Amino acid sequence: MANPVESIKEKSKLIRAISSWQETIWYPAFFALLVAISGSSKDFVYIPLFWVMATLVIFSLIFSRLNRVIFVPMLQIYCAMGRDVIIDVWDISQNNVIGSFTTAGLVNMIVVGVVLVNAIVLRLILSGAFKKAFAKLETEPGRKSSGILKSFTFGLIILSIAALVNGAGSDSWSITNIWIGLLIATGFLFFFFLSYIIIKSDDYDIRSGLKTKFIEADRYIYVNLVFLGVAICIQVTLLLISLGRDAFIYYDNGLVAYVNKSIGALGWGQYILIGMELAVCMMAGLILAHKESSLFKTILCHSATLIFFIFIVITKCRGAIVSCAFIWAAYLFAELFSKKKAGVAFLFILIYLLLISIGILWLVISAGGLEEAGEWLYGFFRFARGKELGGRLELYKMGYNDFKTNPVAGVGFAKGSIPGKNFYSAMYHDIIVELFGGMGLIGLLCFAAHLFDYMRYFAKSVTANKLLSVLIPVLIILLSLTDNTIWYLNMQIFYGALLAASSLCWDEEGSGPLRKRTKAVSGVALAHR
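The following refers to the structure shown. Keep in mind it's a predicted model, so treat the numbers as computed, not measured.

## Examining the side chain of Ser41
Structurally, Ser41 can be placed in the loop between helix H3 (26-38) and helix H4 (43-63). Ser41 sits in the buried class, given a relative accessible area of 12%. At a separation of 2.5 Å, a polar atom in the side chain of Ser41 contacts the main-chain carbonyl oxygen of Ile37. Apart from the residues within four sequence positions on either side, Ser41 is in contact with Tyr46, Gly82 and Arg83.

This is the structure:
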């Protein structure tokens, strides 16, 4: 019996053309442009754009040959949420985060989200993706890839279970703890398994002889993140323009200025979250620069990461700014390890350092001297507020005291010593302290088990490909040492997607990295089955 979808495609040149276009990098690029406009606008713009994006996604789910197109909305649409009012960031962190949207805007975003999730699940069911994902594929005669339960899922599963039992036995426990724990557990597990199923089922189809020019999964994720970073930079630029002079705080002669974070917020996040997301996109750009064979594309990737760094500084996200040192050092080490583009890496690192030096020199001149510039930087990093580390140590002490009240399971995500109606604001701004204070020894041990499971898998045989694939998950954990990074839903999407991509990439390193295997599109693998 003929496939009705294929019959429709066969009869329509337009559908074939759009479907083919969606299998190129121009689809995520165009989607990112819609995200940039939508996330910078009010409801009369972002509502119709959400439906345009939903239409594109549903079209791809119907007519695309591979499931990989799901990564486009999955990685990008979170940042498409616009805003209808300018809300002080402290209102956002202390009160209701949905105050940025009109009722119509919020309802439409929820409806679009439900439609897309159901469409994606339906696509995976009808395409047989679940069965394909758990199949053991023969990578070469006598060698089969492992199923999902043999990858590093055990640690992630028990970490998610620990999130569900947060605060159990605490005097401050409430039903809210279950809902928040469910949100966090879903964030970790759902996006990992969804990404795993997408990649593995595509790999199954490619090995079965499906001819495609679609780029490999890990590279496709990095491409989406780079385009997303560009979209975020556009959003921040439009926000600064709309706020005008109010967007900046000026000192003395007006030359030394930084962004006014109190009113610097998009519909999907305030400047701290924006800066952290750009740091992830920056790392993705550098990894993509390593993977690209073209010098021109390599230069484009490095140019994008430089722009991301500038906007990280503009957002004044201190954790992200400090993380740039890790990003550059890790990238340089990976290039030296692979010996692929060490010279190019050194060149661009020198360019970054030169630009930073010029920026510091400009700061010294505009501030009126080296001592004054030092004082400005001291204040910029919140050392000069009468509170150690900008109040972070006080939060850590609160977390320790909360841990002592219930060492086994902590006080939970919803309660604790820190006041705040938004549960993110009630966290301790450090992943270790949050594990202790919010989840107790159970949370700490389960997270340690997750890391051990992950690194044990990584350490089987260290290659340049594996080293690069681990950098973004590690970066997200490092960013979580100064904020609530890993608990945010969008970061869990990135974390889960990269864990799944690296899981499959590492699974079959014996037969070559995923980026090499997916290019061998023929019936050879099928013949060995």
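## A short note on the environment of Phe130
Summarising the element assignment, Phe130 is placed in helix H8 (residues 129-133). Measuring from C-alpha to C-alpha, the distance between Phe130 and Ile197 comes to 6.3 Å, with 67 residues separating the pair along the chain. The residues touching Phe130, leaving out its near neighbours within four places in the chain, are Val121, Leu124, Ile125 and Ile197.

## Focus on the pattern of salt bridges
Under the definition given, this model contains four salt bridges. Its salt-bridge partner being Glu23, residue Arg65 comes within 2.7 Å of it at the nearest N-O pair. Highlighted residues: Arg65 in the loop between H4 and helix H5 (71-76) and Glu23 in the loop between helix H2 (13-21) and H3, separated in sequence by 42 residues. Its relative accessible area of 13% is what places Glu23 among the buried residues. When the shortest N-O distance is used, the salt bridge between Asp202 and Arg68 registers 3.1 Å. Of this pair, Asp202 sits in helix H10 (residues 175-207) while Arg68 sits in the loop between H4 and H5, placing them 134 residues apart in sequence. Accessibility assignment for this pair places Asp202 and Arg68 in one class, buried.

## Section: the environment of Leu395
With respect to the secondary-structure elements, Leu395 resides in helix H17 (residues 392-405). When the C-alpha atoms of Leu395 and His429 are compared, they prove to be 7.4 Å apart, with 34 residues separating the residues in sequence.

## Structural notes on the packing of aromatic side chains
Tallied over the full model, the rule gives 14 aromatic pairs. Taking 6.3 Å as the distance between ring centres and 75° as the angle between the ring planes, the aromatic pair formed by Phe188 and Trp487 counts as edge-to-face. With Phe188 in helix H10 and Trp487 in the loop between helix H20 (471-479) and helix H21 (489-507), this pair connects stretches of sequence that are 299 residues apart. Here Phe188 falls in the buried class, since its relative accessible area comes to 2%. Here Trp487 falls in the buried class, since its relative accessible area comes to 3%. Among the aromatic residues, those joined into a ring-pair cluster are Trp21, Tyr27, Phe30 and Phe31.

## Some remarks on H3
Here H3 contains 13 residues, and its C-alpha end-to-end distance of 18 Å stays within 8% of the 18 Å for a straight helix at 1.5 Å per residue. Among the residues of H3, Tyr27, Pro28, Ala29, Phe31, Ala32, Leu34, Val35, Ala36 and Ser38 are the ones counted as buried.

What counts and how
Residues numbered from 1 in each chain as written. Predicted model: local features only at pLDDT ≥ 70, side-chain atom pairs only at ≥ 80, totals over all residues. Heavy atoms only, no water. Helix = DSSP H or I, 4+ residues; strand = E, 2+ residues; numbered from the N terminus. Buried < 20%, exposed > 50% of the residue type's maximum accessible area, 1.4 Å probe, protein only. Polar contact = N/O pair within 3.5 Å; in protein donor to acceptor, adjacent residues only side chain to side chain. Contact = heavy atoms within 4.5 Å. Salt bridge = Lys/Arg side-chain N within 4 Å of Asp/Glu carboxyl O. Phe/Tyr/Trp six-rings, centres within 6.5 Å; stacked < 30°, edge-to-face > 60°. Expected span 1.5 Å × (residues − 1).

Treat this as a map of the structure, not an account of what it does.
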